[in-house]
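Coordinate inspection notes
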Amino acid sequence: MNYDRLGFPIPPEFTPPADEPDTPGASRSRHAQPAVGPRKRLVVAVVLLGLVVPAFFAPAVMPLVREAVITWSLERAVGREARGQVSAAVAEVGRAVEWCPDDAMLRCRLLCWRAMLRIENRDPRGALTDAAAGLAAAPTSTQPHRVRALAHVMLDEPDEAIAAAEAAVQAAGAGNPEALNHRAYIRALVGRDLPAALADIDTALGGSDGAAAELLDTRGFILHLLGRHQEAIDQLNLAIDGAVQQQRRLAALVGRADTDEVASRLRSLDHGLAVMHQHRGLACRAAGLEGQARQDLEIAAKKGFDPARGIF
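Residues numbered from 1 in each chain as written. Predicted model: local features only at pLDDT ≥ 70, side-chain atom pairs only at ≥ 80, totals over all residues. Heavy atoms only, no water.

1. What to know about the overall build of the protein chain
Inclusion rule: We count a stretch as a helix when DSSP gives it H or I for four or more residues in a row; a strand needs E for two or more, and each element gets its number in order from the N terminus. Note on contacts: a residue pair qualifies if any of its non-hydrogen atoms lie within 4.5 Å across the two residues. Accessible areas in this description were obtained via Shrake-Rupley with a 1.4 Å probe; residue shielding takes into account the shown protein chains only.
The helix and strand inventory of the protein chain stands at 13 helices and 2 strands. A fraction of 57% describes how many contacts in the protein chain between residues 6 or more apart in sequence connect residues 24 or more apart. Taken as a whole, the protein chain presents about 17300 Å² of accessible surface, with 56% of it coming from carbon and sulfur.

Structural data, given as structure tokens:
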């Protein structure tokens, strides 16, 4: 391959004109072609800028670009999730994962968020893949184990679900209320070790009067499964009242805080209330309170109770 003076390849079918004596015709032929093409100069300049400028500035600029892409992607993911556009939210979090720097805990959190979105999107296998990647990034984190437990419940794999919940307790350390609540709830969902599940949630509650609604809901559900239906209803009444109060406080922020963030949290609370109403409906039905049971189960369905989407 031959090259011209600027280093561009000369196509094989093109033969440069040989030098000829100065004749009027030859003179016109040479003067019709510029000696150095301005377009070629422009191309060379662009190539040089494309190679040289990034070499000097990329190390300084890329962290800023990465942070901007991640922030933008996560803001969009919150908005998509708030509107129930779960598949789109999965894609947005996925972009953030791709741009994630060498921050193991951040990468783990993003992967676990995407895993939870996959669960809601009826993709427990995909959730398990993300959870495994999150655990590989941050082996001491508890969240991947919790995600795995929920995915295994959806896949009707009770042994694996309980093992993952147990791993979360071990990773969190003895007495961690969230891990104990999670293990108790997983045991309740698969109908295994119910006395041990009750012991877990009692330890998590620690006799507190101001317990979180989620913990009260777990205890109420377990009491129902143990046949203590009236006690279950009492606990679930407290759980629902607490969740409704949270919802009201959050709704008061509408117009004063980020709209998508508030909407996303309200949606999450609605799903929590769906589960609580489902549990109270089951307990009421078992206690012979059919009217209240029907009302609770209808509210649960309206708010999105759906085990196939991990809302159980």
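2. Quick look at the side chain of D296
Stated formally: Think of it in three bands: residues with accessible area under 20% of the maximum for their type are buried, residues over 50% are exposed, and the middle band is partly exposed, with areas taken using a 1.4 Å probe on protein chains only. Polar contacts here mean pairs of N or O atoms no more than 3.5 Å apart (in protein, one a potential hydrogen donor and the other a potential acceptor; neighbouring residues in sequence count only if both atoms are side-chain atoms).
Relative to the assigned elements, D296 resides in helix α13 (residues 290-303). By relative accessible area, D296 is classed as buried at 0%. Engagement of the side chain of D296 in a polar contact is seen with the side chain of R280, the distance being 2.8 Å.

3. A word on the packing of helix α3 (residues 86-98) against helix α4 (residues 104-120)
How we decide: Inter-axis angles, ranging from 0 to 180 degrees, are taken between N-to-C directions of lines fitted to C-alpha atoms, where helices are fitted over the stretch in contact. When describing relative orientation, an angle under 35 degrees is termed roughly parallel and one over 145 degrees roughly antiparallel, while 65 to 115 degrees is termed roughly perpendicular and anything else oblique. By definition, turning the near helix anticlockwise from the far helix through less than a right angle yields a left-handed crossing, and turning it clockwise yields a right-handed one.
It is the contact of α3 with α4, at a shortest axis distance of 9 Å, that shows an interaxial angle of 165°. Between α3 and α4, the angle is such that the two are roughly antiparallel. Considering only the axes of α3 and α4, their crossing is left-handed. Contacts between α3 and α4 pair V86, A89, V90, V93, G94, A96 and V97 from the former with R107, L110, L111, W113, R114, L117, R118 and E120 from the latter.

4. Digging into the layout of surface pockets
Rules: Both cavities and pockets are sets of points on a 1 Å grid over the protein atoms alone; in a cavity a 1.4 Å probe fits but cannot get out, in a pocket the set is open with protein on both sides within 12 Å along at least five of seven lines, and lining residues sit with an atom within 4 Å of a point. Grid points are joined across faces, edges and corners, and a volume is the space filled by probe spheres set on the points. Throughout, the ten residues Ala, Val, Leu, Ile, Met, Phe, Trp, Tyr, Cys and Pro are labelled nonpolar, Asp, Glu, Lys and Arg are labelled charged, and all others, Gly among them, are labelled polar.
By volume, the largest pocket is sized at about 1500 Å³. If you go around the largest pocket, you meet 39 residues; those closest to its centre are M116, L150, E214, S268 and G272. At 11 residues, helix α12 (residues 259-286) tops the list of elements feeding residues into the lining of the largest pocket. For the lining of the largest pocket, the class distribution of residues is 19 nonpolar, 10 polar and 10 charged.

5. Digging into unusual backbone geometry
The general pattern is negative phi for most residues beyond glycine and trans for most peptide bonds. One non-glycine residue, R122, lies in positive phi territory at about 60°. For R122, a relative accessible area of 52% puts it in the exposed group. With phi around 50°, D193 is a residue other than glycine that occupies positive phi space.

6. Focus on the environment of T142
Its place among the elements puts T142 in the loop between α5 (124-137) and α6 (143-154). Assessed through its relative accessible area of 18%, T142 is described here as buried. Placed 26 residues apart in sequence, T142 and A168 show a C-alpha to C-alpha distance of 4.9 Å. What T142 contacts, discounting residues up to four positions off in sequence, is A168, A171 and A172.

7. Remarks on the nonpolar core
How we decide: What is meant by a nonpolar core is a set of buried Ala, Val, Leu, Ile, Met, Phe, Trp, Tyr and Cys residues, joined one to another through side-chain atoms within 4.5 Å.
If you look at the biggest cluster of nonpolar residues, it comprises 31 residues, and the most contacted ones within it are I201, L205, I222 and M276. Sorting the residues of this core by element identifies α8 (177-190), α9 (194-205), α10 (213-225), α11 (229-251) and α12 as the ones contributing at least two each. With residues up to four places along the chain from it excluded, the contact list for I222 reads A184, A188, L194, A197, L198 and I201.

8. Quick word on the packing of α8 against α9
Two numbers describe how α8 lies on α9: the axes approach to 8 Å, and their chain directions differ by 155°. With respect to α9, the axis of α8 lies roughly antiparallel. Note that α8 runs across α9; the crossing there is left-handed. The residues of α9 that touch α8, namely those facing P177, L180, N181, R183, A184, R187 and A188, are L194, A196, A197, D200, I201, T203 and A204. The residue makeup of the contact of α8 with α9, split by class, is 9 nonpolar, 2 polar and 3 charged.

9. Describing the environment of T129
Locating T129 in the fold gives a position in helix α5. Sequence-wise, T129 and A115 are 14 residues apart; in three dimensions their C-alpha atoms are separated by 8.0 Å.

10. Comments concerning the environment of V153
Inspection of the secondary structure assignment puts V153 in helix α6. Between the alpha carbons of V153 and P307 there is a distance of 9.4 Å; along the sequence they are 154 residues apart. With sequence-adjacent residues up to four places away left out, V153 is seen in contact with A161, I186, L189, V190 and F312.

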